[in-house]
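Architecture at a glance
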Amino acid sequence: MEYRKLGKSGIKVSEFSFGSWVTFKSQVDTKLAKECMAMAYEHGVNFFDNAEVYSDGDSEVIMGEALKQLNWTRDSYLVSSKVFWGGQKPTQRGLSRKHVFDACHAAMKRLQVDYLDLYFCHRPDIDTPVEETVLAMNDLIRQGKILYWGTSEWSAEQLREAHQVARDYRVIGPTMEQPEYNLFHRERVEIEYSRLYETVGLGTTVWSPLSSGLLTGKYENGIPEGTRANITGYEWLKARFLSPEGQAQIAKAKELRLLAEKNGMKLSQMSLLWCLSNPNVSTVILGASKTEQLRENLAALEHKAKMNPEVLEAIEAIVQNKPEHAPLF
Ligand SMILES: NC(=O)c1ccc[n+]([C@@H]2O[C@H](COP(=O)([O-])OP(=O)(O)OC[C@H]3O[C@@H](n4cnc5c(N)ncnc54)[C@H](OP(=O)(O)O)[C@@H]3O)[C@@H](O)[C@H]2O)c1
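So, here's what we can say about the structure. (Residues numbered from 1 in each chain as written. Predicted model: local features only at pLDDT ≥ 70, side-chain atom pairs only at ≥ 80, totals over all residues. Heavy atoms only, no water.)

Here we come to the overall build of the protein. When helices and strands are counted, the protein shows 13 helices and ten strands. Relative to the globule expectation of 20 Å for 329 residues, the C-alpha radius of gyration of the protein, 19 Å, shows essentially globular dimensions. Viewed in the frame of its principal axes, the protein has a C-alpha envelope of about 55 × 55 × 35 Å. Relative to its 329 residues, the protein shows a buried fraction of 56%. Of all intrachain contacts in the protein linking residues separated by at least 6 positions in sequence, the fraction that spans at least 24 positions is 77%. Measuring between centres, the 39 positive side-chain charges of the protein sit 2 Å from its 43 negative side-chain charges. (Helix = DSSP H or I, 4+ residues; strand = E, 2+ residues; numbered from the N terminus. Rg over C-alpha atoms; globule rule 2.2 N^0.38 Å. Buried < 20%, exposed > 50% of the residue type's maximum accessible area, 1.4 Å probe, protein only. Contact = heavy atoms within 4.5 Å. Lys, Arg positive; Asp, Glu negative; His and termini not counted. Charge placed at Lys NZ, Arg CZ, Asp CG, Glu CD.)

Here it is in structure tokens:
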């Protein structure tokens, strides 16, 4: 495992990290969570990702119980939460000072930790002035309850505004953004944020590197039982996979699988390494519902040398979706 700087910050995050969206509670209980987290940690993973909304807080309860049982020293790992979707009441959601504070306290309690290492605004909140959120995050930093704050799926414009506000108040702007990034979803990371890596030193903790499993090849012959697309509540994902666009991606994934196999890798492994081939990615958050999946994904690192320019070019020739900068005029 190698470690990358989280943007311009001093903290170094493992190139693969581990998250709990969908999986913890609906597919993974505390025992399995503990097994997966132990496997990840033993392979050098130092960042575990969570959010208040995952399984309505139960994902953090499970991770907190696993962390307690694993008993790692607190200075050897990073754990996150994200604020935005708390409860249904107006005070329980969004990025108001109140919800940012309440959600932080609740996450610390569920995760059984004294502070959160990374704390994300899970989405932008157009009803809250950005000053309010930037200053609330800085107050939490000063109180020692969070160490770094960031965003998830904010536009480049919104990030620039947050940094401008932080400069105006001489406080800390968002250190990291958590965007989707995989072979089928590239625009934001590769184009929209491209200047922010230099201007504000933005770090990225990217999500759904396997496009929810599509980039493993498992959906080539329909939707198998026991997969994410068959979980109640994720009908939207099944519909996406069955849509013409989804079917076209599955066809491309098949070509990618053949390329991966020709080069002695699994499609999952090649897809994860492709994300890592972008130097602006600080960490790729892995998701897994089974230990075997996590083992296979972590083993991708053994194949790094296979991602040579020829393989990267062959990947581009298959996906044919490299985003381009708009012409200046
Ligand atoms: N900030 C945000 O808005 C946001 C959004 C989404 C995710 N995230 C974060 O990113 C993390 C990762 O996202 P993700 O879970 O969508 O990642 P992903 O890698 O795209 O999908 C993971 C899923 O793919 C399947 N899978 C993984 N490895 C496999 C393998 N080797 N062989 C076969 N199937 C495999 C499993 O699903 P099956 O159960 O179907 O087998 C697994 O749960 C989340 O846990 C969360 O922490 C953040």
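From this point, things continue past the structure.
According to the stated counting rule, one finds eleven aromatic pairs in the structure shown. Centroid distance Tyr41 to Trp72: 3.9 Å. Interplanar angle 5 degrees. Geometry classified as stacked. Taken together, the residues span a long stretch of sequence, with Tyr41 in helix H2 (residues 30-42) and Trp72 in the loop between helix H3 (58-70) and strand S5 (78-83) at a distance of 31 residues. We classify Tyr41 as partly exposed; its relative accessible area is 24%. (Phe/Tyr/Trp six-rings, centres within 6.5 Å; stacked < 30°, edge-to-face > 60°.)

With that settled, the discussion passes to the site of the ligand. Around the ligand, 32 residues are found, and the nearest of them are Asp49, Ser208, Lys218, Arg228 and Ser289. The separation between an oxygen atom of the ligand and a polar side-chain atom of Gln27 is 2.7 Å. In isolation the ligand exposes 900 Å². Once the protein is present, 96% of that is buried. The biggest single contributor to the shell around the ligand is helix H12 (residues 291-298), with three residues. Within the shell around the ligand, the residues separate by chemical class into eight nonpolar, 18 polar and six charged. (Near = heavy atom within 4 Å. Polar contact = N/O pair within 3.5 Å; in protein donor to acceptor, adjacent residues only side chain to side chain. Areas by Shrake-Rupley, 256 points an atom, 1.4 Å probe, with all protein chains shown as cover. Nonpolar A, V, L, I, M, F, W, Y, C, P; charged D, E, K, R; others polar.)

Note that every value here comes from positions in space, so none of it alone points to a role or purpose.
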